[in-house]
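Structural characterization, general
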Amino acid sequence: MRSRATLPRLSILLCLLFLAPVSSSRPQWILQRVPVVLPQQTDARPAPNFLSPARLDVISPCDPECHKKAPRPSYWDLRHLLAFETLHSDGQLTETSIGIYGYKPTSNTSSEYSTGTAGKAERSHVRRKRQIFGHDGRFSIAGQNFLLKYPFSVAVKLSTGCSGTLVGDRHVLTAAHCVHDGKNYVKGAQKLRVGFLKPKHRETQYSSIYLPSNFTNHIEGGPAPYTPPINDKMKFQWIRAKRTHVPKGWIKGNANDIGMDYDYALLELKKPHKRRHMKLGVSPPAQRLPGRRVHFSGFDNDRAGKLVYRFCPAGEETTDLLYQHCDAQPGASGSGVYARMWDGRRRRWERKVIGVFSGHQWVERQGASHEFNVAVRITPLKYAQICYWIKGNFVDCREG
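The structure reproduced in this document is the subject of the present report. Quick caveat: nothing in here was measured; it's all calculated off a predicted structure.

1. Overview of the overall build of the protein chain
In terms of regular secondary structure, the protein chain is built from six helices and 18 strands. In the protein chain, which comprises 400 residues, the share counted as buried stands at 54%. Taking the intrachain contacts of the protein chain between residues at least 6 apart in sequence as the baseline, contacts between residues at least 24 apart amount to 77%.

Structure representation (C-alpha cells):
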C-alpha cells in the first residue's frame, strides 16, 4: 500500500510528466571549433603514498564573486594548468607537459552561444544552509528498464565512494577530488575500481510507482508514453581502472583554492564496458539550456546501492564553474552534469555531458560558513584535453 508521504510526491511528478509545457523553439547544440591540446613531453614522477581517505566534499575560501574577480589565466598559465599527471595501475606516476594551438582568449567562454549577454547569467540567490534545499527533489531509480537503459546506464560508482559517467568505450569522467586530495593520491586510487549496476537474478516484480520509460525525455521536452517498469534487485559488477588522468590545475600545494576550476579526472578502464556512453559537449551559457535546467544521476550515500536522478535550474556561472540548487548528498560527486538539446547536423535530440558535479562547496566568510552546489564546466580547452585523453588524437576533437 502506498504511503501518504508518497502521494504528494507522485502528484508533483505526474504534473511534471504530463503538464510541463514544451517550448516551441528548439534549444540547439552549436558546434564550435575548439583549440588543440597536445602532449609534448612525459616524465616519470615519484610513486604516490596513497595515505589519505577520499573526501566527498569540497572546501574552498573562494565563492562565486571571488571566482569572477580572479584574473584570466595567460596562455602560459593555461599550459601549466592543463598539463597532467597519469597514475598507472602498477603504481607508476608520470607527468605530461602540453602545448595549446589555435587558442583565442574568447574561445574559453563558449562565445558561439552569445546573444548579447555572453557569459552573463541571471543572478540568483545561491547560498543555502543544507545539502537538501527544502523539499527533497531527488528520484531513486529502480528496475532494469531504467537502470540498464540510457541515460541512466551511463552512471557508474567509484570504489573511492564517488560517482562517474561513461564518456567512451573504456572511459569514465569523474571529479579529481575523488582520486586526489590536491597534494597526493587518495587511499584506493591505485587499485581504483568502477562499478556497473547489473541484475542479481532474473525474477522480476512490478514497482509500486509507475514512471514512463523515457521519463527524462519528457522532463527535457520530449514525449512520455506510459510503460510500467520492473523492479529487479541489482548488484555492482566492478572493472579495474588502467590509468587515471588528473590536470595539474587541481594538483597544487593546497587544493582548497581556485584549483577547483580543474576538479575533473578521466579514468581508462582495463577492458571495454560494452554500454552506450554519453558524448562530451562544450558547456553553453546557463540561459541557453532547455528550461535553464541541468540534470545528473549519481550514487548518493544516503541511498545505499541506489541510483539517484535529479534536475534543477542552473544558477550563477563563471567561465569554469556552474552553480545550481540540485539536491545531492556525498557520493554524487563526480556525476556528469548533462543537457539534452537538438543536434541540427544529425537531425536528432542529443544528450551531452557539459560538466562534472564537484559537490557542496563550503566557504568561510567573516566567521560564518556558506554552502554552494557547484559543477565544473567543460570549456573548449577542457573539451580538447578530455577528448584527446579519450580518442588519442586531435583530429576527432576539433569540434565540441
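Now, onward.
2. A closer look at the packing of aromatic side chains
Scanning the model with the defined rule gives twelve aromatic pairs in all. Look at Phe152 and Tyr309: their rings are 5.6 Å apart centre to centre, the planes differ by 80°, and that puts the pair in the edge-to-face class. You can see Phe152 sitting in the loop between α4 (144-147) and β6 (155-158) and its partner Tyr309 sitting in strand β14 (residues 307-317), a full 157 residues away along the chain. The residues Phe152 and Tyr309 share a single accessibility class, namely buried. Between Tyr309 and Phe311 the ring centres are 6.0 Å apart and the planes differ by 35°, which places this aromatic pair in the tilted class. The two residues Tyr309 and Phe311 agree in class, both being buried. Clustering of aromatic rings is evident, with ring pairs tying together Phe139, Phe146, Phe152, Tyr309 and Phe311. If you follow Arg26 out to its NZ or CZ, it ends over the ring of Trp342, 3.8 Å from the centre. The cationic tip of Arg276 hangs over the ring face of Tyr150; the distance from NZ or CZ to the ring centre is 3.6 Å.

3. Side note on the nonpolar core
One recurring pattern in soluble globular proteins: nonpolar side chains tend to sit buried together. Core analysis: the biggest nonpolar cluster contains 77 residues, and Ile141, Leu173, Tyr185, Val246, Tyr264, Leu280 and Ile386 have the highest contact counts within it. For this core, the leading source of residues is helix α6 (residues 380-391), giving seven residues. For Tyr264, the contacting residues outside a window of four places in its chain are Leu82, Thr174, Ala175, Ala176, Val246, Pro247, Val356, Val376, Lys382, Gln385, Ile386 and Trp389. Core analysis: the second largest hydrophobic core is formed by 17 residues, Cys326, Ala332, Ala339 and Met341 among them.

4. Here's the deal with unusual backbone geometry
In this structure, Pro151 follows Tyr150 across a cis peptide bond, with omega equal to 10°. The topology assignment puts Pro151 in the loop between α4 and β6. Of note in the backbone geometry, Lys274 takes a positive phi value of approximately 65° without being a glycine. On the secondary structure map, Lys274 appears in the loop between β11 (265-269) and β12 (279-280). Lys274 sits in the exposed class, given a relative accessible area of 79%. In this model, Arg292 sits at a positive phi of 55°, which is unusual for a non-glycine residue.

5. Side note on the pairing of strand β3 (residues 84-88)
Counting buried positions along β3 yields four of five residues, so the element is predominantly enclosed. Of the strand pairs in this sheet, β3 and strand β4 (residues 93-101) are connected by four bridges, and their pairing is antiparallel. For Leu87, the partnering residue across the bridge sits in β4 and is Leu93. Pairing between β3 and strand β10 (residues 234-247): five bridges, direction antiparallel. Considered in β10, the bridge of Phe84 is made with Pro247.

6. Remarks on the pattern of salt bridges
Inspection of every chain in the model, using the stated rule, returns eleven salt bridges. With a closest N to O distance of 3.6 Å, Glu85 and Lys248 form a salt bridge. Highlighted residues: Glu85 in strand β3 and Lys248 in the loop between β10 and β11, separated in sequence by 163 residues. Exposure class is identical for Glu85 and Lys248. Each is buried.

7. Focus on a positive patch on the surface
Taken together, the side chains of Lys198, Lys200, Lys233 and Lys235 make up a positively charged region of the molecular surface. Along the chain, Lys200 turns up in the loop between β9 (193-199) and α5 (215-219).

8. Here's the deal with the state of the cysteines
By the definition in use, this model includes three disulfides. Bridging Cys162 to Cys178, the disulfide has an S-S length of 2.1 Å. Classification of the bridge connecting Cys162 and Cys178 rests on its S-S torsion, roughly -95°, and on that basis the disulfide is left-handed. Remark: Cys178 occurs in the loop between β8 (171-174) and β9 and Cys162 occurs in the loop between β6 and β7 (163-166); sequence separation between them is 16 residues. A single burial state applies to Cys162 and to Cys178, both of which are buried. In this model, Cys387 is linked to Cys397 through a disulfide, with the two sulfur atoms separated by 2.1 Å. Its torsion about the S-S bond being -80°, the disulfide of Cys387 and Cys397 is classed as left-handed.

9. Notes on the side chain of Glu350
Looking at where Glu350 falls in the secondary structure, it is placed in strand β17 (residues 348-365). Of the polar contacts made by the side chain of Glu350, one reaches the side chain of Arg348; its length is 3.3 Å. Those residues in contact with Glu350 that sit more than four places away from it in its chain are Trp29, Lys279, Ala339, Arg340, Met341 and Asp343.

10. Here we look at α6
Since the α-helix turns once every 3.6 residues, residues separated by three or four places project in the same direction. Given a rise of 1.5 Å per residue, twelve residues ought to cover 16 Å, and the 16 Å separating the end C-alpha atoms of α6 matches this to within 8%. Extensive coverage of α6 is indicated by the burial of ten of its twelve residues. Those residues of α6 that fall on the buried side of the exposure criterion are Pro380, Leu381, Lys382, Tyr383, Ala384, Gln385, Ile386, Cys387, Trp389 and Ile390. Residue Gly392 follows α6 closely and has a positive phi angle near 80°.

Definitions and cut-offs
Residues numbered from 1 in each chain as written. Predicted model: local features only at pLDDT ≥ 70, side-chain atom pairs only at ≥ 80, totals over all residues. Heavy atoms only, no water. Helix = DSSP H or I, 4+ residues; strand = E, 2+ residues; numbered from the N terminus. Buried < 20%, exposed > 50% of the residue type's maximum accessible area, 1.4 Å probe, protein only. Contact = heavy atoms within 4.5 Å. Phe/Tyr/Trp six-rings, centres within 6.5 Å; stacked < 30°, edge-to-face > 60°. Lys NZ or Arg CZ within 6 Å of the ring centre and 35° of its normal. Core = buried A, V, L, I, M, F, W, Y, C linked by side-chain atoms within 4.5 Å. Pairing = 2+ DSSP bridges. Salt bridge = Lys/Arg side-chain N within 4 Å of Asp/Glu carboxyl O. Patch = residues over 30% accessible without salt bridge, like charges linked within 9 Å, V, L, I, M, F, W, Y side chains within 5 Å. Areas by Shrake-Rupley, 256 points an atom, 1.4 Å probe, with all protein chains shown as cover. Lys, Arg positive; Asp, Glu negative; His and termini not counted. Charge placed at Lys NZ, Arg CZ, Asp CG, Glu CD. Disulfide = S-S within 2.5 Å. Polar contact = N/O pair within 3.5 Å; in protein donor to acceptor, adjacent residues only side chain to side chain. Expected span 1.5 Å × (residues − 1).

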